[in-house]
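# Observations on the model geometry
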Amino acid sequence: MENKAGFICIEPWYGIPDAENTDHIWENKAGLIELAPGESFDAVQNIVIE
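Now for a quick tour of the structure. (Residues numbered from 1 in each chain as written. Predicted model: local features only at pLDDT ≥ 70, side-chain atom pairs only at ≥ 80, totals over all residues. Heavy atoms only, no water.)

### Things to note about the overall build of the protein chain
Per the secondary structure count, the protein chain includes 0 helices and 0 strands. Counting only residues that meet the buried cut, the protein chain has 0% of its 50 residues in that class. Here the protein chain has roughly 5300 Å² of accessible surface; of this, 55% comes from carbon and sulfur atoms. (Helix = DSSP H or I, 4+ residues; strand = E, 2+ residues; numbered from the N terminus. Buried < 20%, exposed > 50% of the residue type's maximum accessible area, 1.4 Å probe, protein only. Areas by Shrake-Rupley, 256 points an atom, 1.4 Å probe, with all protein chains shown as cover.)

Laid out in structure tokens, this is it:
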């Protein structure tokens, strides 16, 4: 696929996109990671460009 924008944006993405029939209510989103106060979430992302 040709990159017509001239750049590529790489960022962490730890969820899934909204369903086509979403109600846009945060609590109803699938795949969310819910943290209680004081909890934390750690993740590692490795990118190799060749």
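### Regarding the pattern of salt bridges
A complete count under the given rule lists 1 salt bridge for this structure. With its nearest N and O atoms 2.6 Å apart, the salt bridge here joins Asp18 to Lys29. Since its relative accessible area comes to 24%, Lys29 is described here as partly exposed. (Salt bridge = Lys/Arg side-chain N within 4 Å of Asp/Glu carboxyl O.)

### Section: the environment of Ile16
Owing to a relative accessible area of 46%, Ile16 belongs among the partly exposed residues under this scheme. Taking the C-alpha atoms as reference, Ile16 lies 8.2 Å from Leu32; in sequence the two are 16 residues apart. Once residues within four sequence positions are removed from consideration, Ile16 is found in contact with Lys29 and Ala30. (Contact = heavy atoms within 4.5 Å.)

Geometry only, nothing functional implied.
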